[in-house]
Amino acid sequence: MDDSKQIVVTATNRQAPVIEPGHSFASVTDKISAIVLTRPTSNGWFVGFGVSFLLLMGMLYAVGYLFLKGVGIWGVNIPVGWGFAIVNFVWWIGIGHAGTLISAILLLLRQSWRNSINRFAEAMTLFAVAAAGMFPLLHLGRPWLFFWLFPYPNTMNYWPQFRSPLVWDVFAVSTYFTISLLFWFIGLIPDLATLRDRSENRWARMIYGMLAMGWRGSARHWARYETSYLLLAGLATPLVLSVHTVVSFDFAIGIVPGWHTTIFPPYFVAGAIYSGFAMVLMLAIPIRKFYGLEDFITERHLQNSAKVMLATGLIVAYGYAIEAFMGWYSGNRYDAYTLWNRLHGPYAFFYYMLLACNIFVPQVLWIRKLRKSPPALFLISGVILVGMWLERFIIVVVSLQRDFLNSSWGMYYPTRWDWMTYIGTIGMFLCAMFLFVRILPMISIFEMRTLLPQAEVKE
Amino acid sequence: MKMDSESTNQHHEAVCPGKKEKLVQLQTERPALDLDTVRARVAETKGPEFWRSLEELAGSAEFQEMMHREFPKGASEWLDGVSRRGFLKLMSASLALAGMTACTKQPLEPIVPYVRQPEDVVPGRPMFYATAFELSGYATPILVESHLFRPTKIEGNPQHPVSQGGTDVFAQASILGMYDPDRSQTITYLGETRTWGAFLEAFRAPLSIQKGLGGAGIRILTQTISSPTLADQMRSFLKAFPQAKWHVYDPGGRDNALAGAQMAFGQAVETQYKLDAADVIVSLDADFLASGFPGMTRYARDFASRRNPDAGAMNRLYVVESTPSPAGAKADHHLPMRAADIEGFARALASALGVHAGSGAQQGEAQRFLEAIAKELQAHRGSSVVIPGEHQPPAVHALAHAINQILGNVGKTVVFTDPVDANPVNQTDSLRDLVADMRGGKVDILIILGGNPAYESPADLGFADALKSTNIPMRVHLGLYHDETAELCQWHINETHYLEQWGDTRAYEGTVSIVQPLIAPLYSGRSKHEFVAYLSGLSEASGHDLVRSYWQKQHAGQDFELFWKRALNDGWIQGTAFEPKQVALKSEFGSPATVDANALEINYRRDPSVFDGRFANNGWLQELPKPMTKLTWDNPVMMAPVMADRLGLKSEDVIKISLNGKSIAAPLWLQAGHPDKSITVFLGYGRTRAGRVGTGAGYNAYEIRYSAMPWLATGVSIEKTGTTYKLASTQGYQTMETPVGERPLVRTTSLEDYKKDPEFAREEEPDADETLYPHGNGHIQPEGWDYTKEPYAWGMAIDLNKCVGCNNCIVACQSENNIPIVGKEQVNKGRHMHWLRVDAYYQGDRNNPRAHFQPVPCMQCEAAPCELVCPVGATVHSTEGLNDMVYNRCVGTRYCSNNCPYKVRRFNFLLFQDWETPQLKMMRNPDVTVRSRGVMEKCTYCVQRINQHRIDSEREDRKIADGELQTACQQSCPANAIVFGNINDPNSQVSKLKAQSRNYSLLADLNTRPRTTYLAEIKNPNPELQA
């Protein structure tokens, strides 16, 4: 014990390892699969799951009432036609970016440290995109007709209106969700087979067995697996960039001052990754603590994530700066007023909060000590998530609130239904995460094993 | 020409047009009826008695026989076995016929349709009938659109000289009043339902006792009556009961105008103005451009006709006013002044013009203003006019008359006639006498014909209290609602609405209009005419007979039938306008009132939307933004911003207003342009028994209104209560100014500058091809659609110079397009549904700002930003340039509204439309979809009207002529400010307007290429005052 600690200290002085020394193939498999198969479900899990489940039920109640009454139960109005629903949609979609980025792009870039966090990051992506995907549907005036946004064959030969970014959204988000799901599931297959083989419960064996799709671990299986995984990674990579680009088009295509700007696509993508990594950290830090996975999710992961956040945060800051600059430089009276309104209008407090959360607070990540401190990172990640939510609020609400005709200016006040729906989706997301860590291996077992020194094959 | 068919088919006379066809069939199948018997029977019956056939009505033997047979003739022939097929045929026919009979109630007497009558009733095609809406005795001549005997829309009567097509908001909204489900529907005794028979029974004995006493215990209280028939009935009643007394009270009574006329001429006269002949108009606190001012429709049109900077000389309007109003907004020079100071101003002005009015100079700005006006008036003798405000004391009226006289305006711009009011007494005194009699125990039978005196009478008279406490044995209230007064009377008789009854009324210049019913009374009910006839002993006289027989007496010629039908057809009786009256001016104008320059004064005004409270339950009017404040559902207290600053108050603070020991709490609204040391309260709110819409809205200003000073009082004190009250405004900001510069939304300049630079309003518009998407895009059209090759390209021009901000277009649009109301809470959330709004902007000094009105319908952009963002193609462009909304396709993303720079799209956030109330279903325009929850809606340029005219014109193989087709807003605009038409026709009126140099597009720099454009506002200031 003492020795290994000694080694850790010396290792972090250069670079923390991706996996703590002392593990063997068996110990990795044991440790990860035990969480699902043998470890008793803790009271903490039940409490956490219970609270999330209550929040989810609250959301279902709010959604039920919404379907009964209409979107008028929310705070939306004319001129602010989009409110919390779209803010939350963009926020969740943004969070859903980290998983695929970690899995696909880092895979292609051969960043093997990602192996420890890619599985639950992907799960997080799926759940976040699912939460996001609900909002555009819920915010419709007539949600039961949502399928009119799809180009399905119909007797009237009537198609969606393809110039609308909302139609692009439908394609972008549904494609992204599908690819993410496939990618996640294919990555799970070898581990599902492991669980099948190890579980003692008959039902669990059957279910894992079915999900494992007959995986036997033959060389041919592995070869096909590697090919398909790589192909999917190749497919997913452009999606990471395209989804939020398309989401940003929802705004950039509009003529509303504060929306109509060309910087939106890169700035949205950067923001998405920013918030995605913040969410990864917010999940990873407690998980590694409660499940004792410090060996697998090491300081190296925390550091790397913090660096990504720092980098994307600076891109986002650049976006804000350019927006403000263009408000002045364009000489357009409406853009200029939008800038003024952000700085001095009724929602100015939130704009300053946004600057604090997204630009100023994260600068502490320049300090190495904080980059390594889980509590600090957890806190900063939380601040960033709040900040990114505020950013979407500023973009959606504050731009719409005062546009071209002074006579039509208005205000937006969220109602309790807005809050219930928003907090409810967090509950839904957490619920799914709790279930995920309980029934599936949250860290990729076989990929972790490739990180062991024993896996190094000498040519 | 329509009359011909009526007169040739004599035997059809007794039924309405819709029954004709069935009648003809009856004639061929059955033995001939004795039509005289039928007619006699019909004359005997009253109200909607239902008869199955004329035979039953005539009580014929055949009918009796049929009633005793088990099956009708045709049916019994089938005894020997009906085939299944035959049975089904019979049943389906029966069902279809059953459906036909269930259509609607029809009035029994013939009413004569206006010009656009089809051969007969064509289902789906409306008919238009002329009638008149009356408010406080003054008529607004209207046409009523009727779909299968259901009146659905009020329009101005274009051929009537007073309306010329224009209406005011009250007339427009009255259709909703008729269908109001909260109207009282039965006769009640102490709140319990009774029959008419029961009322007769109960009333007979007291009335016969009074007969013996000459009616000494009878008091009748009416509102202002201008109806010649009703006035005649009242007089004959008073002849029969010589000791009975007729009292008149209207909370908006014109006592001051009357007293002013008495002072000036020694007799009651009506003053009319000919504003089209006036080069200089001086208003002394007269809001002659607001709904409710007698003759407003005509005045607005005449005023606007002289506001064209390119043709003829523009008039110049000076307004001295105590409460900001549309007239003040349109003024070229506006001087806020406390109401109490205006008399001094009038005296000084009169003195300056040579009238011995006994007062000296004004101070500072007022003096400069006065000198300029005096000079202008001198220079425009015979072509100027001074209009006194109804709220001003008699002396101001008298002085205005004197000024007009001395300037030689009388006979040119000012005409004096007999009063329209049939009983021109001082109404406050009249009510005071009544209350004294009530308290003195002299009243045995009190009959209140319309009005709501328990709510609206002056606080010091204590009418409600007298009604409650004096135990008058017989208190009868005839009214549309079971209101505050009905509550205090034993008997309440439900009255018919003017659209359900026969009557007559006078416009402000005296012309009589016959009021025709458009529908049989929804809840039976009785009209005032019928009720007074009953009092006079004609127990079952119908309104029709009363009005007709009165005019038969008046009409000297032989051709009464023609005269009558002509009157019904046209909507007015030829030659009934009053003759100008020669009056001699006296020279005594009383002594100047002493005014304490520092005392706080309180002004009372009827609310611009609900008037004196009678429209409190009218949702359209409650939700109609008031012209100056854009507030809905409430009556604020207006105060000048400087005064509020001094007192540390702000808008929505609740203040306590105390006067003569009584006090009310009311929310404050800071109104730019309001004079200092003065507040204005609005009457008509705080109703306790108005109905589901009006009850509980606002505060009741009548509680501190006193008979001695009904419009203006001093000695009022205000104090802050510390609480606030949320007011619901439909307009976000009332200024075009922003911290980064002013936005050129309403473009305005002076006449002088306009002459120098006529193109001032046109900013550089971007080239049409500076867009990602070619014009007229949309997937149903090829790229770069060329509108000019189409037969029509619809466009609209709105002349901001003419618009007087009266809001009439909003109500007209609401009525035409089945637009729901949403309630105060939803208005506060920003969800009002008006497709057309009138923005009011203030500019400059907040103590005396310039105000501008800007009606904003959909701009129908050629490059519409809304269209390209709709994911389902629910809003698309038509080949004629309309931005169409496909309700059925809308899924409600609201992206279109976000992307609409004009924010003219309205969304059904909840189920705003009333799908339940049966009365409201009858009211809806069948040509317009009733929208449900979750869809976007917007102005369509009244596409249903376009299509109707397209169908008509194509059948006649011609193009739609210019002016034939009018949108609802355009049709009823009293000022003629809205012009719609085909911009592909260079000779159309709208094309000519758009060709003017004043024409500009709102937010033109966005390159949306709106089809709705504006003509910039040109003021005509006096160069002397400007310096």
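Caption draft 1: Layout of the overall build of chain A. Helix and strand counts for chain A stand at 17 helices and zero strands. For a compact globule of 459 residues, the expected C-alpha radius of gyration is about 23 Å, and chain A comes in at 23 Å, within 12% of that figure. For chain A, restricting intrachain contacts to residue pairs at least 6 apart in sequence, the fraction spanning at least 24 positions comes to 81%.

Caption draft 2: Main features of the overall build of chain B. Counting its secondary structure elements, chain B contains 35 helices and 41 strands. Residues counted as buried form 55% of the 1027 residues belonging to chain B.

Caption draft 3: View of unusual backbone geometry. With omega at 20°, the peptide bond leading from Ile78(A) into Pro79(A) counts as cis. Looking at the element boundaries, Pro79(A) is found in the loop between helix 3 (43–69) and helix 4 (84–95). Phi at Tyr941(B) is positive, roughly 60°, even though this residue is not glycine. We classify Tyr941(B) as buried; it has 27 C-beta atoms within 10 Å. The residue Leu1003(B) is not glycine, and still its phi comes out positive at about 55°. As for its placement among the helices and strands, Leu1003(B) is situated in the loop between strand 39 (999–1000) and strand 40 (1012–1015).

Caption draft 4: Spotlight on the environment of Leu181(A). Among the structural elements, Leu181(A) can be located in helix 7 (residues 165–198). According to the C-beta neighbour criterion, Leu181(A) is partly exposed, with 15 such atoms within 10 Å.

Caption draft 5: The sheet that holds strand 40 of chain B, seen in detail. Residues and elements named next belong to chain B. One open sheet holds the four strands; their spatial order is 38-31-40-39, and the pairing between them is mixed. In this open sheet, the two strands that pair with only one neighbour each are strand 38 (978–982) and strand 39. Both strand 31 (residues 794–799) and strand 38 contribute to a ladder of five bridges, which runs antiparallel. Note on strand 38: the bridge partner recorded for Ala797 is Val979.

Caption draft 6: Highlighting the interface of chain A and chain B. Chain A puts 41 residues into the contact, and the matching count from chain B is 45 residues. Secondary-structure elements contributing two or more residues to the side of chain A that touches chain B are helix 7 and helix 12 (333–344) of chain A. For the side of chain A that touches chain B, the element with the highest residue contribution is helix 12 of chain A, accounting for four residues. The class makeup of the residues in the side of chain A that touches chain B is 24 nonpolar, 12 polar and five charged.

Caption draft 7: Local environment of the sheet that holds strand 10 (residues 316–321) of chain B. Residues and elements named next belong to chain B. Spatially, the four strands line up as an open sheet ordered 11-10-9-12, and their pairing is parallel. Only two strands of the sheet have a single neighbouring strand rather than two, namely strand 11 (333–336) and strand 12 (384–388). Adjacent strand axes in the sheet meet at a mean angle of 10°, parallel and antiparallel pairs treated alike. Sheet analysis places strand 9 (residues 280–284) next to strand 12, joined by five bridges and oriented parallel. When the sheet's bridge partners are listed, Val280 is paired in strand 12 with Ser384. Its contacts with the sheet place helix 15 (residues 364–379) against strand 9, strand 10, strand 11 and strand 12, and it is angled at close to 140° to strand 9.

Caption draft 8: Layout of the packing of helix 3 of chain A against helix 16 (residues 416–439) of chain A. Residue and element names in this part refer to chain A. Where helix 3 contacts helix 16, the axes come no closer than 7 Å and their chain directions differ by 140°. Relative to helix 16, helix 3 is oriented oblique. Considering only the axes of helix 3 and helix 16, their crossing is left-handed. When grouped by side-chain class, the residues that make up the contact of helix 3 with helix 16 number 19 nonpolar, seven polar and one charged.

Caption draft 9: Spotlight on the environment of Thr629(B). All names here are of chain B. Inspection of the secondary structure assignment puts Thr629 in the loop between helix 24 (619–622) and strand 20 (631–632). Note on Thr629: 24 C-beta atoms within 10 Å, which makes it buried. In sequence terms Thr629 and Ala672 are 43 residues apart; their C-alpha atoms lie 9.5 Å from each other. Not counting residues up to four positions away in its chain, the partners in contact with Thr629 are Pro636, Trp669 and Gln671.

Caption draft 10: The arrangement of the pairing of strand 3 (residues 150–156) of chain B in detail. Burial of strand 3 of chain B is extensive: six of the seven residues sit out of reach of the surface. In this structure, the hairpin formed by strand 2 (residues 138–147) of chain B and strand 3 of chain B is closed by a connection of two residues, where Leu148(B) is found at a positive phi of approximately 50°.

Caption draft 11: Inspection of helix 9 (residues 219–252) of chain A at higher detail. Residue and element names in this part refer to chain A. The terminal C-alpha atoms of helix 9, which comprises 34 residues, lie 49 Å apart, in line with the 50 Å expected from a rise of 1.5 Å per residue. Along helix 9, the helix axis deviates most sharply at Leu239, where the bend reaches about 30°. Along helix 9, the residues classified as buried are Leu232, Ala236, Leu239, Val240, Val243, His244, Thr245, Val246, Val247, Ser248, Asp250 and Phe251. Buried residues belonging to helix 9 abut helix 4, helix 5 (97–108), helix 7, helix 10 (264–290) and helix 15 (374–401).

Caption draft 12: Geometry of the confidence of the model for chain B. Residue and element names in this part refer to chain B. The share of residues in chain B with pLDDT of 70 or more is 86%, and the mean pLDDT across the chain is 85. Segment residues 1–30 is flagged for pLDDT under 50; beyond a separation of four residues in sequence, or across chains, it makes 32 contacts in the model. Counted against residues more than four places away or in other chains, residues 74–79, with its pLDDT under 50, gives one contact. On the interface metric, ipTM, the complex scores 0.91, and its pTM is 0.86.

Caption draft 13: Just the packing of helix 4 of chain A against helix 10 of chain A, in detail. All names here are of chain A. Two elements in contact, helix 4 and helix 10, have axes whose closest approach is 7 Å; the angle formed by their N-to-C orientations is 70°. Here helix 4 lies roughly perpendicular to helix 10, going by the angle between them. Contacts from Trp91, Ile93, Gly94 and Ile95 of helix 4 reach helix 10 at Gly271, Ala272, Ser275, Gly276 and Met279. Grouping the constituent residues of the contact of helix 4 with helix 10 by class yields five nonpolar, four polar and no charged.

Caption draft 14: The arrangement of the environment of Ala277(B) in detail. Residues and elements named next belong to chain B. Relative to the elements of secondary structure, Ala277 occurs in the loop between strand 8 (270–273) and strand 9. Take Ala277: there are 17 C-beta atoms within 10 Å of it, and that puts it in the partly exposed class. Between the alpha carbons of Ala277 and Gln490 there is a distance of 53 Å; along the sequence they are 213 residues apart. Filtering out sequence-adjacent residues up to four positions away, Ala277 remains in contact with Ser383, Lys412 and Thr413.

Caption draft 15: Representation of the pairing of strand 10 of chain B within the structure. Residue and element names in this part refer to chain B. Along strand 10, six of the six residues are buried, which leaves the element largely enclosed by surrounding structure. Taken together, the four bridges between strand 10 and strand 11 define a ladder with parallel strand orientation. Bridged to Tyr318 within strand 11 is His333.

Caption draft 16: Quick look at the confidence of the model for chain A. Overall, the prediction assigns chain A a mean pLDDT of 88, with 96% of residues at 70 or greater. Scored below 50 in pLDDT, residues 1–13 of chain A makes seven contacts in the model with residues more than four places away or belonging to other chains.

About the thresholds
Residues numbered from 1 in each chain as written. Chains lettered and ligands numbered in written order. Predicted model: local features only at pLDDT ≥ 70, side-chain atom pairs only at ≥ 80, totals over all residues. Helix = DSSP H or I, 4+ residues; strand = E, 2+ residues; numbered from the N terminus. Rg over C-alpha atoms; globule rule 2.2 N^0.38 Å. Contact = placed C-beta atoms within 7 Å. Buried ≥ 20, exposed ≤ 12 C-beta atoms within 10 Å, placed from the backbone. Pairing = 2+ DSSP bridges. Nonpolar A, V, L, I, M, F, W, Y, C, P; charged D, E, K, R; others polar. Axes fitted to C-alpha atoms, helices over the stretch in contact; angles between N-to-C directions. Parallel < 35°, antiparallel > 145°, perpendicular 65-115°, else oblique. Left-handed = near helix turned anticlockwise from the far one by under 90°. Expected span 1.5 Å × (residues − 1). Bend = angle between axes of the 7 residues up to and from the residue. pLDDT = per-residue confidence, 0-100.

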